[in-house]
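This is what each chain is made of:
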Amino acid sequence: MVKQLFLLLIFSITLANCQNSGNLKVLTDLPSSQKENSGLAIYGDNLWLIEDSGNKDEITQMNLKGEILKDLEVKNAKNKDWEDLAQDNSGNLYIGDFGNNSSDREDLVIYKLPNPEDEPGDKIDAEKIKFSYPNQLEIPSKKKDRHFDAEAFFHWGNSLYIITKNRARPYDGKTFVFKVLDTPGDYKADLIATWNTCDDQEKCSITSATISKDGSKIALISYGYLWLITNFTLDDFTQGDIEKIDLGYNGQLESVVFYDDNTLLLSDERSHGMGGNLYSFSLN
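Residues numbered from 1 in each chain as written. Predicted model: local features only at pLDDT ≥ 70, side-chain atom pairs only at ≥ 80, totals over all residues. Heavy atoms only, no water.

## Description of the sheet that holds strand β1 (residues 25-29)
Which entries qualify depends on this criterion: Here, strands pair whenever DSSP counts at least two bridges between them. By definition, any uninterrupted DSSP run of H or I lasting at least four residues is a helix, any uninterrupted run of E lasting at least two residues is a strand, and each is numbered from the N terminus. Convention adopted: a line fitted to C-alpha atoms gives each axis, helices being fitted over their contacting stretch, and angles between N-to-C directions are expressed from 0 to 180 degrees.
Reading across the sheet, the four strands line up as β1-β22-β21-β20 and stay open at both edges, with antiparallel pairing between neighbours. Each edge of the open sheet carries a strand with a single partner, namely β1 and β20 (253-260). Strand-to-strand twist of the sheet, defined as the mean angle between neighbouring strand axes without regard to direction, takes the value 25°. Pairing analysis gives five bridges linking strand β21 (residues 263-268) to strand β22 (residues 277-282), with the strands arranged antiparallel. By the bridge assignment for β22, L266 is matched with Y279.

## Quick look at the state of the cysteines
For clarity, the cut-off: Any cysteine sulfur atom paired with another within 2.5 Å is treated as part of a disulfide.
Taken as a whole and judged by the stated rule, the model has one disulfide. C198 shares a disulfide with C204; S-S distance 1.7 Å. Its S-S torsion of approximately -105° makes the covalent link between C198 and C204 left-handed.

## Focus on the pattern of salt bridges
Here the idea is simple: oppositely charged side chains can pair when their charged atoms come close. Worth spelling out the cut-off: Any carboxyl oxygen of Asp or Glu within 4 Å of a side-chain nitrogen of Lys or Arg constitutes a salt bridge here. Exposure classes here rest on a 1.4 Å probe applied to the protein chains alone. A residue is buried below 20% of its type maximum, exposed above 50%, and partly exposed in between.
The full count for this structure, using the stated rule, is nine salt bridges. When the shortest N-O distance is used, the salt bridge between D107 and K80 registers 3.0 Å. Of this pair, D107 sits in the loop between β7 (93-97) and β8 (109-113) while K80 sits in the loop between β5 (68-74) and β6 (82-87); the two residues are 27 residues apart in sequence, bridging distant segments of the chain. For E151, the salt bridge goes to R167, with nearest N and O atoms at 3.6 Å. Of this pair, E151 sits in strand β11 (residues 149-156) while R167 sits in the loop between β12 (159-165) and β13 (174-181), and the two are 16 residues apart along the sequence. Under the relative-accessibility criterion, E151 is labelled buried at 4%. Through salt bridges with shared partners, one network takes in K80, D97, R105 and D107.

## Side note on the sheet that holds β12
Strand order in the open sheet made by the four strands is β11-β12-β13-β15, with antiparallel pairing throughout. Since the sheet does not close on itself, it has two edges, and those belong to β11 and β15 (190-196), each with one partner. When strand polarity is set aside, the average angle formed by the axes of neighbouring strands in this sheet is 25°. Relative to β12, β11 runs antiparallel, the two being bridged by seven bridges.

## Digging into the side chain of S255
Stated precisely, the cut-off is as follows: By the criterion applied in these results, polar contacts are pairs of N or O atoms within 3.5 Å in which, for protein atoms, one can donate a hydrogen and the other can accept it, and in which residues neighboring in sequence qualify only through two side-chain atoms. A contact between two residues is defined here by any heavy atoms of the two lying within 4.5 Å.
With respect to the element layout, S255 can be found in strand β20. Owing to a relative accessible area of 0%, S255 belongs among the buried residues under this scheme. Of the polar contacts made by the side chain of S255, one reaches the backbone oxygen of S38; its length is 3.3 Å. Only 3.0 Å separates the side chain of S255 from the backbone nitrogen of G39, close enough to count as a polar contact. Discounting residues that sit within four places of it in the chain, S255 has contacts with N37, S38, G39, L40, S208, I221, L265, L266 and S267.

## Examining the pairing of β7
Where burial is concerned, most of β7 is hidden: five out of the five residues are buried. As judged from the five bridges shared by β6 and β7, these two strands associate in the antiparallel manner. Looking across to β7, one finds that D84 is bridged to G96. In textbook terms, the turn of a hairpin is the stretch between consecutive antiparallel strands, and for β6 and β7 this stretch comprises five residues, one of which, G91, has a positive phi near 95°. In the sheet, β7 pairs with β8 via five bridges, with the strands oriented antiparallel. Directly across from I95, in β8, lies its bridge partner Y111.

Here is the structure:
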């Protein structure tokens, strides 16, 4: 009887893990050192990863088998709350240090790094793009106005597009899209859109964003949905054609990047013994 109960427990755990990934294909486990992974960028078949607040001031190179290739310490940078990675067509890498759960930060910054694939040593330089939000009237914001956390951005042209994560209480579904130049400096970001993603607090807050290499598709994720945006202009991409896809996933998705124009790579945080995986999702 004990053996039967044990086998039933193992089967239930296995089934739960299978159901947890939904429409996502598991490629590999993330290394244990990346259990709080919060950003992905891809160079050829190598991934670069970061972790969020409380972790090292490092970027980590990993192959698609989940094997760590190297770590680089980011000089002139501090991991207060690193939440996403973006890259430009010149190979520069951007770290979004804009996690801001209580909308109380006055030190929001994006770190700009040269192409990490070209770095021969174990450290890499960072330049600072400092910014603030033009419509945040007080710091810290009242609970009903906590719209200034962010976990998602992407690069296009000469700008970085930041998508906020709604932490207002009561939840109102409102997401802001801001734009800031990609050169070091201190900026007041431009508000380019206000967007109501949906009304489900658990599944509608944006946790990562990416744009395809040809600039024709934008993908944003939350803990359960993927928004695929096409036929847009960067003046306000939320006015493009938007397809909301239920990923059938139950967990903490944190990162997304285009592998090619029709394939996304995603990752999640390890929590309660679940997750900590690299996934793929086909748009075909």
